[in-house]
Amino acid sequence: MTVGGNGTRPADTLLAARVGDMLRVAERGECAVSPFLTPQERVRTEQQLARAGVTESAVFWGGYTGAERRRLYLLPSYLLSVPELLPPQDTDPVTNPAGVVGREDAVAAVRIEGSGFRELTHRDYLGSLLSLGLERDVLGDIAVQDAHTAVVFCTARVAEFLPGALERVASDRVRCRIYLPDAGFTDGRRTVPVSDTVASPRLDCVGAALTGKSRESAREAITDGLVEVDYLTEERPDRSLTPPVMLSVRGVGKFRLLPFGGETKKGRLRLMAEKFV
């Protein structure tokens with residue numbers, strides 16, 4: 001990883017500049033819309049907006065509640081004086097009463113259905129989509145629903161393009177159609193429960209319990225930069241965690257740490273979590 005002289009990565013500098021441009025557009029009274037952001041980019045963008053004192057007019061939307069990859073809609077600053085025109089967080093900003101977000105900037109969805117000839121994975125869908133010449137940031141989540149079906153969230157223009165362009169995923173022939181997710185749509189990912197007890201909410205304690213490794217191994221993974229807390233790399237083993245928290249360990253998996261379930265008679269915390277499978 002290349003890091004600049006001030007300790008920032010070039011990608012972070014580019015992201016900060018892009019958000020700065022969006023802030024200036026919104027200040028002029030226009031709506032600024034970003035490409036799809038990764039969860040890490042979203043967290044860094046939220047931090048930058050907070051420093052700029054702009055949070056109420058910022059909406060992140062990825063096509064359904066709980067989406068990981070989302071676009072930022074930075075609404076005109078004048079809407080702050082008319083709060084009833086601001087769309088609630090985690091809702092489609094295209095439907096806001098002010099009408100400042102056009103349909104061309106909407107997050108759209110396309111349902112991809114295989115023939116049943118073979119099982120298809122997230123990697124299969126992503127590889128086939130990128131082979132069409134699409135950039136990753138015009139694509140949001142690829143929600144695999146079952147072994148033969150997925151819903152891809154994307155820009156409106158890509159949604160118009162895919163039904164006539166995507167004919168195969170891996171070696172399977174597929175059909176594509178514009179799709180409107182309902183309010184209960186989920187990404188289809190499964191989780192399994194994880195429970196244990198830990199001496200404290202320190203990251204190294206929790207990491208050891210979640211991965212089934214020793215505390216020393218967990219500490220080494222953290223200091224080596226292999227652990228993310230809420231999508232940002234965390235290298236402090238003694239960081240205290242306050243659930244709910246998303247925690248990823250490279251090479252092991254991704255976990256959602258749930259609120260602790262109180263203490264045992266011996267004073268240990270009851271850890272409860274979900275591992276994504």
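Predicted model, so just to flag it, every value in this text is computed and none were measured.

(A) Here's a closer look at the overall build of the protein. When you go through the protein residue by residue, the secondary structure sums to 6 helices and 14 strands. Referenced to the eigenvectors of the C-alpha coordinate spread, the extents of the protein come out at roughly 60 × 55 × 40 Å. Sequence separation of at least 24 residues holds for 59% of the intrachain contacts in the protein that already meet a minimum separation of 6. Summed over its atoms, the accessible surface of the protein is roughly 14500 Å², and 50% of this surface lies on carbon and sulfur atoms. For the protein, the distance from the average site of its 36 positive side-chain charges to the average site of its 37 negative ones is 5 Å.

(B) Region of the structure containing the confidence of the model for the protein. Model confidence for the protein is summarised by a mean pLDDT of 92, while 96% of its residues fall at 70 or above. Between residues 1–6, whose pLDDT stays under 50, and residues either more than four places distant or in other chains, the model counts 5 contacts.

(C) Summary view of helix α1 (residues 10–27). If you check α1, its first and last C-alpha atoms are 26 Å apart, about what 18 residues at 1.5 Å a residue would give, namely 26 Å. Among the residues of α1, D12, L15, V19, G20, M22, V25 and A26 are the ones counted as buried. Tucked inside the fold, the buried residues of α1 contact β1 (32–37), α2 (39–51) and β3 (70–74). Where α1 terminates, the next one or two residues include G29, which has phi positive at roughly 95 degrees.

(D) Inspection of the sheet that holds strand β12 (residues 245–249) at higher detail. The sheet built from 6 strands is open, its strands ordered β9-β14-β13-β12-β10-β11 with antiparallel pairing. The sheet terminates laterally at β9 (191–198) and β11 (232–233), the two strands that pair on one side only. As paired elements, β12 and strand β13 (residues 253–257) share 5 bridges and run antiparallel to each other. Counterpart to S248 in the pairing with β13 is K254. The sheet contacts of helix α5 (residues 203–211) involve β9, β10 (227–229), β12, β13 and β14 (269–276), and relative to β9 the element is tilted by about 130 degrees.

Rules used throughout
- Residues numbered from 1 in each chain as written.
- Predicted model: local features only at pLDDT ≥ 70, side-chain atom pairs only at ≥ 80, totals over all residues.
- Heavy atoms only, no water.
- Helix = DSSP H or I, 4+ residues; strand = E, 2+ residues; numbered from the N terminus.
- Contact = heavy atoms within 4.5 Å.
- Areas by Shrake-Rupley, 256 points an atom, 1.4 Å probe, with all protein chains shown as cover.
- Lys, Arg positive; Asp, Glu negative; His and termini not counted.
- Charge placed at Lys NZ, Arg CZ, Asp CG, Glu CD.
- pLDDT = per-residue confidence, 0-100.
- Expected span 1.5 Å × (residues − 1).
- Buried < 20%, exposed > 50% of the residue type's maximum accessible area, 1.4 Å probe, protein only.
- Pairing = 2+ DSSP bridges.
- Axes fitted to C-alpha atoms, helices over the stretch in contact; angles between N-to-C directions.

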